[in-house]
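Reading the structure
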Amino acid sequence: MARAESIAVVNGTSIDKTALDNAVTAVVQSSGGNVQDSPSLREQLKGTLINRTLILQEASKRGLDKQPEFTKRLNEIREDMMREALFADFVKQNPPSDAQIKARYDETAAKLNGTKEVHARQITVASEADAQKVIAALKKGSKFEDLVRARSIDPAAKQSGGDMGWGNLSAMAPQLAETLKGLNKGQYTTKPFQSPMGWHVIKVEDVRTAKLPPLEQVKPQIVRQLEEETVSKAMADIRSKAKIQ
């Protein structure tokens, strides 16, 4: 077996060249190609590895790895890693098939395609009376964007303009969907909508018919969804067979 090449020896502890190679690869890949392997990068990372070794040596010398708080945290990290490893194994043993992915895509498309999506903005106020004042101002010709900045209690409203983004009516809370479904582009609610955040006056900026993007575009999301379902099913099976008193 070939002997590992050492790039430094710190208080008797050797740092292998493989560790430096791995660190360089990680930096280059994470930079998206903006950083390239070079002598200066290797020298910088070599210093980082030396410092890490010194830190570990000093912490061990002080017995910090034997302290109760440390061992407790180490056990928690180990448990988290074991859980992640188990979930990954569930998926490895039963990965989503192309047929399952296509079936889920077709199912989602059947539910989504042809439904209505709206792009809306909102003004959030503290009371129904305040919301009625906003509606009255709109009827008198005030601009919605001006009222967002002047009246909304949403901390982000001044930057976002009250933008709610695009939303599909079929995926919204029923009360909100019912409020928006009768509005056309440019119209606003004449009756305030109440939520746990306050009272809302909502304007529809645009309306479109929903259509699911091509399969290849949404495939990663579908795969994650199927993997999560695999994990949930496997855990339910394990629990059903467990003796719990």
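Everything numeric in this text was worked out from a predicted model, so none of it was measured.

This next bit is on the side chain of T53. Following the sequence through the fold, T53 ends up in helix α2 (residues 39-61). Here the side chain of T53 touches L49 through a polar contact of 2.9 Å, landing on its backbone oxygen. Those residues in contact with T53 that lie beyond four places of it in its chain are V10, T13 and I15.

Summed over the entire model, instances satisfying the criterion amount to 18 salt bridges. Between K181 and E178 there is a salt bridge; the shortest N-O distance is 3.2 Å. A relative accessible area of 46% means that K181 is categorised as partly exposed. On the basis of relative accessible area, E178 is assigned to the partly exposed category, the value being 49%. Taken together, the salt bridges that share partners define one network made up of K17, D21, D37 and R42.

This paragraph deals with the pairing of strand β1 (residues 6-10). As judged from the four bridges shared by β1 and strand β2 (residues 13-16), these two strands associate in the antiparallel manner. Looking at β2, one finds that A8 is bridged to I15. Where β1 folds back on β2, the antiparallel hairpin that results is connected by two residues, among which N11 adopts a positive phi of roughly 50°.

Turning to helix α5 (residues 128-139), a few remarks are in order. Helix length check: α5 (12 residues) gives 17 Å between terminal C-alpha atoms against 16 Å at 1.5 Å per residue, within 8%. Taken as a whole, α5 has its buried residues at A131, V134, I135, A137 and L138. The buried residues of α5 occupy an angular sector of 160° when the element is viewed end-on, so they sit on one face. Away from its buried face, by an angle of more than 90 degrees, α5 presents the exposed residues K133 and K139. Where α5 is buried, its residues touch β3 (116-125), α6 (144-151) and β6 (198-209). G141, located one to two residues past α5, shows a positive phi value of around 110°.

Attention shifts here to the sheet that holds β6. With antiparallel pairing, four strands are arranged side by side in an open sheet as β4-β3-β6-β5. Single-partner strands in this sheet number two, and they are β4 (163-168) and β5 (193-195). Strand-to-strand twist across the sheet, computed as the mean angle between neighbouring axes with direction ignored, equals 40°. Pairing of β5 with β6, which is carried by three bridges, proceeds in the antiparallel orientation. Each bridged residue has a counterpart across the sheet, and for S195 the counterpart in β6 is G198.

Together, L86, M235 and I238 give the surface a local cluster of nonpolar side chains, amounting to about 230 Å² of exposed area. The topology assignment puts M235 in helix α9 (residues 215-241). You can call M235 partly exposed: its relative accessible area is 33%.

A few words on the domain arrangement of the protein chain. Taken domain by domain, the protein chain holds domain 1 (6-66), domain 2 (69-113 + 212-230) and domain 3 (115-209). Spacing between the C-alpha centres of domain 1 and domain 2 amounts to 33 Å.

Turning next to the packing of aromatic side chains. By the definition in use, this model includes one aromatic pair. Note on F87 and F90: the rings are 6.2 Å apart at their centroids and 25° apart in plane angle, and the pair reads as stacked. Here F90 and F87 lie together in helix α3 (residues 68-93), a separation of three residues that amounts to about one turn. Owing to a relative accessible area of 14%, F90 belongs among the buried residues under this scheme.

About the cut-offs
- Residues numbered from 1 in each chain as written.
- Predicted model: local features only at pLDDT ≥ 70, side-chain atom pairs only at ≥ 80, totals over all residues.
- Heavy atoms only, no water.
- Helix = DSSP H or I, 4+ residues; strand = E, 2+ residues; numbered from the N terminus.
- Polar contact = N/O pair within 3.5 Å; in protein donor to acceptor, adjacent residues only side chain to side chain.
- Contact = heavy atoms within 4.5 Å.
- Salt bridge = Lys/Arg side-chain N within 4 Å of Asp/Glu carboxyl O.
- Buried < 20%, exposed > 50% of the residue type's maximum accessible area, 1.4 Å probe, protein only.
- Pairing = 2+ DSSP bridges.
- Expected span 1.5 Å × (residues − 1).
- Arc of directions from axis to C-beta.
- Axes fitted to C-alpha atoms, helices over the stretch in contact; angles between N-to-C directions.
- Patch = residues over 30% accessible without salt bridge, like charges linked within 9 Å, V, L, I, M, F, W, Y side chains within 5 Å.
- Areas by Shrake-Rupley, 256 points an atom, 1.4 Å probe, with all protein chains shown as cover.
- Domains from an automatic or database assignment.
- Phe/Tyr/Trp six-rings, centres within 6.5 Å; stacked < 30°, edge-to-face > 60°.

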